[in-house]
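Results of the structural survey
For reference, the chains in residue letters:
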Amino acid sequence: MLQLDEVTVRFGATTAVDDVTLSLDEGQVLAVLGPSGCGKSTLLRAVAGLERLDAGSVRWRERDLRGVPTHERGFALMFQDGQLFAHASVADNIGYALRLRRLGVAERRRRVDELLELVGLPGYGARRPATLSGGEQQRVALARSLAADPGLLLLDEPLSALDRSLRERLAGDLREILVTTGTTAVLVTHDHDEAFTIADRMAVMLAGQVVQEGTTAEVWRAPATREVAEFIGFETFLTGAAADTVSPPARRVGAVSPADRRVGTDAPAGPPGRIDGSAGTDRRVLALRRAALRVDPSGRLEGVVRRAVAVSDAVHLTVDVDGVGEVAALGDDPGHHLEGRRVRLALDPRGTAYLPG
Ligand SMILES: Nc1ncnc2c1ncn2[C@@H]1O[C@H](COP(=O)(O)OP(=O)(O)OP(=O)(O)O)[C@@H](O)[C@H]1O
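Residues numbered from 1 in each chain as written. Predicted model: local features only at pLDDT ≥ 70, side-chain atom pairs only at ≥ 80, totals over all residues.

Further remarks concern the nonpolar core. Ranked by size, the top nonpolar core spans 100 residues in total, and within it V32 and L154 carry the most contacts. For this core, the element with the highest residue contribution is helix 4 (residues 134–147), accounting for 6 residues. The two domains that each donate at least three residues to this core are domain 1 (2–229) and domain 2 (233–356). When near neighbours in sequence (up to four residues on either side) are disregarded, L154 contacts L44, V47, A48, F75, A76, L77 and V186. (Core = buried A, V, L, I, M, F, W, Y, C linked by C-beta atoms within 7 Å. Buried ≥ 20, exposed ≤ 12 C-beta atoms within 10 Å, placed from the backbone. Helix = DSSP H or I, 4+ residues; strand = E, 2+ residues; numbered from the N terminus. Domains from an automatic or database assignment. Contact = placed C-beta atoms within 7 Å.)

Further remarks concern the site of the ligand. Lining the immediate surroundings of the ligand are F11, T14, A16, G34, S36, G37, C38, G39, K40, S41, T42 and H190. Of all the secondary-structure elements, those providing two or more residues to the shell around the ligand are strand 2 (14–24) and helix 1 (40–48). Of the residues assigned to the shell around the ligand, the class counts are 3 nonpolar, 8 polar and 1 charged. (Near = placed C-beta within 6 Å. Nonpolar A, V, L, I, M, F, W, Y, C, P; charged D, E, K, R; others polar.)

Right, let's get into unusual backbone geometry. With phi around 60°, R102 is a residue other than glycine that occupies positive phi space. Mapped onto the elements of the fold, R102 is located in the loop between helix 2 (90–100) and helix 3 (105–118). You will see that E157, though not glycine, has its phi angle at about 45°, which is positive. Along the polypeptide, E157 turns up in the loop between strand 7 (152–156) and helix 5 (164–181). A tally of 19 C-beta atoms within 10 Å means that E157 is categorised as partly exposed.

So, about the packing of helix 3 against helix 4. Look at helix 3 against helix 4: their axes get within 9 Å of each other, and the N-to-C directions meet at 135°. Taken as axis vectors, helix 3 and helix 4 run oblique relative to one another. The hand of the helix 3/helix 4 crossing is right-handed. Taking contact as the criterion, the partners of R111, L115, L116 and L118 in helix 3 are, on helix 4, A143, L146 and A147. Class assignment of the residues belonging to the contact of helix 3 with helix 4 gives a composition of 6 nonpolar, no polar and 1 charged. (Axes fitted to C-alpha atoms, helices over the stretch in contact; angles between N-to-C directions. Parallel < 35°, antiparallel > 145°, perpendicular 65-115°, else oblique. Left-handed = near helix turned anticlockwise from the far one by under 90°.)

Moving on to helix 4. The end-to-end C-alpha distance of helix 4 is 20 Å, a good match for the 20 Å that 14 residues give at a rise of 1.5 Å each. Most of helix 4 sits inside the fold, with 11 of its 14 residues counted as buried. Looking at helix 4, one finds that the buried residues are Q137, Q138, R139, V140, A141, L142, A143, R144, S145, L146 and A147. Elements in contact with the buried residues of helix 4: strand 6 (75–78), helix 2, helix 3, strand 7 and helix 5. In the segment just after helix 4, D149 is the residue with positive phi, at about 55°. (Expected span 1.5 Å × (residues − 1).)

Only one face of strand 15 (residues 314–321) is buried: it carries V315, L317, V319 and V321, and the other face, with A314, H316, T318 and D320, is open. By the bridge criterion, 8 bridges tie strand 14 (residues 301–311) to strand 15 in an arrangement that is antiparallel. Considered in strand 15, the bridge of V305 is made with V319. With antiparallel pairing between neighbouring strands as the criterion, strand 14 and strand 15 make up a hairpin whose turn holds 2 residues. The pairing of strand 15 with strand 16 (residues 325–331) spans 7 bridges and is antiparallel. The residue bridging V319 from the neighbouring strand is V327, located in strand 16. (Pairing = 2+ DSSP bridges.)

Laid out in structure tokens, this is it:
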């Protein structure tokens, strides 16, 4: 188990990491998610032994790592730019750690081939890094990190130098590779989709502090604060009558209209036992992802489209809903000029959450 207790790292007057307590079971992947400058890289570097702690402790398998140098921690690090040795072949890059461990040539070759297979680059051993695409280079960097069989893999924005479609694909592959190999990993990212794809658990970090920690599904379903909700992609926040219009209290238990049912599930999202409108009055802000409201001719809500922006596979709408006000919604019909038109919207409860008031 990795255990961080009250970890604090300061740079002069800046407290980059402020009293962070976290733990991670072996075999699990934790994403530390937060905006630029929140201290997530510093936290990772502290775990790696690259930053001195001003307070607190980092323990791995019960051992306090204070004073243990980076190379003796048995961890591997992978950064945004994989930093491959340019002059060496792909095989030599991956085999580097194996050579340090004095593995024989045949055994090294076998292991390198196995790792190339794992990261989807079989037969690439003789290539030079400069002849590879950015995504291929990151795959090699990952194989190199895994070669040493690290107890813990530390990943700092490993995909953020790649373009979007590649990032998505590689995130899925990375998840599969980490699960297949049973690797314990901490991933630092500012991208909530990436965190959701790759990790089992999520720690949301803002201004040096971990403000929420849990399984990715828990954080997704019940963000602790509006700040967290905004950071993980909720766009519309409603209270009072507007919230009740979008998600009527009487309908919140299993009562979903046929239109809502088509796009959603029977059970609305939100904290269990707190969504019937009677209990849990502490959670009174209804938060909606854009995908929670979709244009649907049989939807229950109605409003005027104020803005329509086509993206690759949908249309992002701002709709002024009767009795509610402006909400973010999804359309799917870029062919029509939607601005100014009245549309109906159906609610997908999976894109909703209730926040403390
Ligand atoms: N070596 C350093 N000396 C002084 N200040 C630093 C140092 N490293 C980081 N900081 C400061 O600590 C804070 C946290 O930085 P950190 O790099 O951990 O953030 P981050 O969340 O990883 O951001 P990004 O996503 O932009 O890399 C920032 O205010 C940064 O300016």
